[in-house]
Amino acid sequence: MGEVSVGIIMGSQSDWPTMREAASILDELGIAHEARIVSAHRTPDRLWDYGRAAADRGLKAIIAGAGGAAHLPGMMASKTRVPVIGVPVQTRALSGVDSLYSIVQMPRGFPVATMAIGAAGAANAGLMAAQILAVSDPALAERLDAWRAALSASIPEEPRDE
Ligand code: RP5
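What you see is a predicted model; the values in this text were computed from it and never measured.

Basis of the calculations
Residues numbered from 1 in each chain as written. Predicted model: local features only at pLDDT ≥ 70, side-chain atom pairs only at ≥ 80, totals over all residues. Near = placed C-beta within 6 Å. Nonpolar A, V, L, I, M, F, W, Y, C, P; charged D, E, K, R; others polar. Buried ≥ 20, exposed ≤ 12 C-beta atoms within 10 Å, placed from the backbone. Helix = DSSP H or I, 4+ residues; strand = E, 2+ residues; numbered from the N terminus. Pairing = 2+ DSSP bridges. Right-handed = clockwise from strand over helix to strand, strands pointing away. UniProt positions renumbered as here; feature names shortened; annotations may be inferred. Contact = placed C-beta atoms within 7 Å.

Right, let's talk about the site of the ligand for a bit. Around the ligand, the neighbouring residues are Gly-11, Ser-12, Ser-14, Asp-15, Ser-39, Ala-66, Gly-67, Gly-68 and Val-89. A per-class count over the shell around the ligand returns two nonpolar, six polar and one charged.

This next bit is on the pairing of strand E4 (residues 84-88). Among the five residues of E4, five are classified as buried, and the element is accordingly described as predominantly covered. Residues Val-84, Gly-86 and Pro-88 of E4 are buried on one face, and the alternating residues Ile-85 and Val-87, pointing to the opposite face, are buried as well. In this sheet, E4 lies alongside strand E3 (residues 61-66) in parallel orientation, the contact comprising five bridges. Looking across to E4, one finds that Ile-62 is bridged to Val-84. One crossover worth recording links E3 to the parallel E4 by way of helix H3 (residues 72-79), and it is right-handed. Bridge count between E4 and strand E5 (residues 113-114): two bridges; the pairing is parallel. Residue pairing across strands places Gly-86 opposite Thr-114, the latter belonging to E5. In terms of handedness, the path from E4 via helix H4 (residues 97-104) over to E5 forms a crossover that is right-handed.

The sites that carry the UniProt feature "domain: PurE" (unreviewed entry) are, in the present numbering, residues 4-155. Taken end to end, residues 4-155 comprises 47% helix and 15% strand; its first and last C-alpha atoms sit 33 Å apart.

Below, the discussion takes up the UniProt feature "binding site: substrate" (unreviewed entry) in the chain. UniProt's feature table lists "binding site: substrate" (unreviewed entry) at Ser-12, Asp-15 and Arg-42, given in the numbering used throughout. On the basis of their most widely separated C-alpha atoms, the annotated residues across 31 residues gather in one place, lying no more than 14.2 Å apart. For Asp-15, the location among the structural elements is in the loop between strand E1 (6-10) and helix H1 (16-28). With sequence-adjacent residues up to four places away left out, Asp-15 is seen in contact with Met-10, Gly-65, Ala-66, Gly-67 and Val-89. Taking the number of C-beta atoms within 10 Å as the measure of exposure, Arg-42 has 11 and is therefore exposed.

In structure tokens:
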């Protein structure tokens with residue numbers, strides 16, 4: 001797959017069951033990626049180092065997932081111009097609404113493209129990263145069009161009894 005172009009970062013190992021949805025979409029589309037645990041609170045120096053190096057390393061999008069006081073996507077967006085796609089991880093206490101609000105309400109100047117709460121949001125983050133890359137990658141654009149067509153074709157016209 002070549003040089004890593006998408007970074008998937010998350011605040012904790014416990015986020016991985018959600019965030020691997022993004023990884024599997026990138027795998028399906030043949031996009032080279034990496035996954036790292038980078039916590040805004042527990043490993044702030046790791047966050048800073050990752051953000052400082054991101055553009056020079058050739059990353060074209062960063063998918064950042066976190067739950068609760070989910071500061072990781074916003075802090076990463078403050079450190080790099082590489083587009084950050086935020087995934088609010090579902091939490092037990094507040095069902096991920098805490099994560100969503102923490103990620104979506106960025107101040108003017110430092111956007112985070114915020115997805116839905118949970119697994120669907122993580123999968124969509126993978127697709128959003130793919131769509132960003134496809135703007136300048138015609139071969140990927142073709143794979144993405146085929147992926148979307150296959151999804152459409154898989155939807156039956158009529159419901160059936162389960
Ligand atoms: C956040 O706290 C992580 O992103 C995770 O969603 C949440 C809970 O982390 P653990 O206590 O499971 O490590 O930083």
